[in-house]
Amino acid sequence: MSAPIRVLLVDDHALLRAGFRTILDTQPDITVIGEASSGAEAVAKASALRPDVITMDVQMPDMDGIEATRLLVADPAVGAAIAIVTTFDRDDYLYQALDAGASGFLLKNAGAEDLIAAVRALAAGDGMLAPEVTRRVLARFAATPAAPPPGAPVDRGPAPKVALAEPLTERETEVLTLLADARSNAEIAKALFIGEATVKTHVSRILQKLGARDRVQAVVLAHRMGLA
């Protein structure tokens, strides 16, 4: 049996951390190894405990979750995937968190199954965006230019270029297009009549060619490439 997924819970509300711990510790493949109530404490504990996944609140005293995420992602010794767990009352915090390197987004009112699925997805190297916020986040990250003033000509030029290590194949482009539509591996496999293992192989190659750290960043780049 493989080792359980090691999770660090970061939130300044003790009751919420207790609730998350109760949910996650019921799963045989997940174990909560620590808790932190601020970004600064999260950075210190992540360095000491080496979790696989960190659930990160945004608004906290001492150091907010965005800065903590930026520091943790920049530290190769940590290597944890970070899921932002928030009430989503500040869109700008969420966009900044993704830009800082978070690999997942989850709302605090999500169900227990969603929290468990997010932890497993991040531990497997996948990104995880709550369906309620996927299009909202991607629309912002697509870097759409501001609307021109009334009467001004509309520039409908080509989508911004994204540097690729090597060109995507036709099949990889199809897979990336479906990723940009927030499809899961199972849904992509069904749409393209291929196996899930084949989809995983294509996704790995796509990440490598795009220079993307995870599926979330690949989806953002797909939008910038005009594939969605």
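For every chain, the first residue of its written sequence is number 1, and the numbers climb from 1 along that sequence. Thresholds applied to this predicted model are a pLDDT of at least 70 for local features of residues and 80 or more for the giving and counting of side-chain atom pairs; totals over whole chains, interfaces and linings are not thresholded and use all residues. As a rule here, side-chain values cover all heavy atoms of the structure and leave hydrogens and water aside.

J.: I'm lost on the overall build of the protein chain in this one. Help?
T.: Numbering goes from the N terminus for both helices and strands, where a helix is a DSSP run of H or I of at least four residues and a strand is a run of E of at least two. Along its length, the protein chain carries 10 helices and six strands. Residue exposure (1.4 Å probe, protein chains only): buried if accessible area is under 20% of the type maximum, exposed if over 50%, otherwise partly exposed. Counting over 228 residues, the protein chain shows a buried share of 43%. A separation of at least 24 residues holds for 66% of the contacts in the protein chain among residues at least 6 apart in sequence. The accessible surface values rely on the Shrake-Rupley method and a 1.4 Å probe; as for residues, cover is taken only from the protein chains in view. Accessible area of the protein chain: about 11,600 Å², with a carbon and sulfur share of 55%. In what follows, a contact means two residues having at least one pair of non-hydrogen atoms within 4.5 Å.

J.: It is not clear to me how empty space enclosed by the protein should be interpreted in this structure. Could you clarify?
T.: In this approach a probe as big as a water molecule rolls over the atoms, and the regions it shows empty are the leftover space. Cavity and pocket criteria rest on a 1 Å grid covering protein atoms alone: a 1.4 Å probe that fits but cannot get out defines a cavity, protein on both sides within 12 Å along at least 5 of 7 lines defines an open pocket, and an atom within 4 Å of a point defines a lining residue. Grid points are joined across faces, edges and corners, and a volume is the space filled by probe spheres set on the points. Going through the model one piece at a time under the given rule, you end up with one cavity of 30 Å³ or more. Reported here for the largest cavity is a volume of approximately 40 Å³. If you trace the largest cavity, you find it lined by Leu9, Val10, Asp11, Leu16, Arg17, Phe20, Thr55, Met56, Asp57 and Val85. When residues of the lining of the largest cavity are traced back to their parent elements, those giving at least two are strand E1 (5–10), helix H1 (14–25) and strand E3 (53–56). Sorting elements by how many residues they give to the lining of the largest cavity places H1 first, with three residues.

J.: Would you mind going over the confidence of the model for the protein chain with me for this structure?
T.: As a general rule, the predicted coordinates of low-pLDDT regions are not to be interpreted in detail. Values of pLDDT, the confidence the predictor places in each residue, fall between 0 and 100. Residues at a pLDDT of 70 or more form 83% of the protein chain, whose mean pLDDT is 84. Across residues 144–160, confidence stays below pLDDT 50; counting only partners more than four residues off in sequence or on other chains, it has eight contacts.

J.: What is the right way to look at the pattern of salt bridges in this model?
T.: Charged atoms that come close allow side chains of opposite charge to pair. Salt bridges are defined as contacts in which a side-chain nitrogen from Lys or Arg sits within 4 Å of a carboxyl oxygen from Asp or Glu. Scanning all chains against the criterion turns up 12 salt bridges. Residue Asp11 is joined to Lys108 by a salt bridge in which the shortest nitrogen-to-oxygen separation is 3.1 Å. Of this pair, Asp11 sits in the loop between E1 and H1 while Lys108 sits in the loop between strand E5 (104–107) and helix H5 (112–123), placing them 97 residues apart in sequence. The exposure class of Asp11 is buried, given its relative accessible area of 3%.

J.: Got a minute to help me understand the environment of Ala74 in this structure?
T.: Relative to the elements of secondary structure, Ala74 occurs in helix H3 (residues 65–74). With relative accessibility at 61%, the residue Ala74 sits in the exposed group. Expressed as a C-alpha distance, the spacing of Ala74 and Ala100, which sit 26 residues apart in the sequence, is 9.0 Å.

J.: Would you mind going over helix H10 (residues 215–224) with me for this structure?
T.: A turn of α-helix holds 3.6 residues, and therefore any two residues three or four places apart point the same way. Where burial is concerned, most of H10 is hidden: seven out of the 10 residues are buried. Looking at H10, one finds that the buried residues are Arg215, Val216, Ala218, Val219, Val220, Leu221 and Ala222. Downstream of H10 by one or two residues, Gly226 has phi in the positive range, about 80 degrees.

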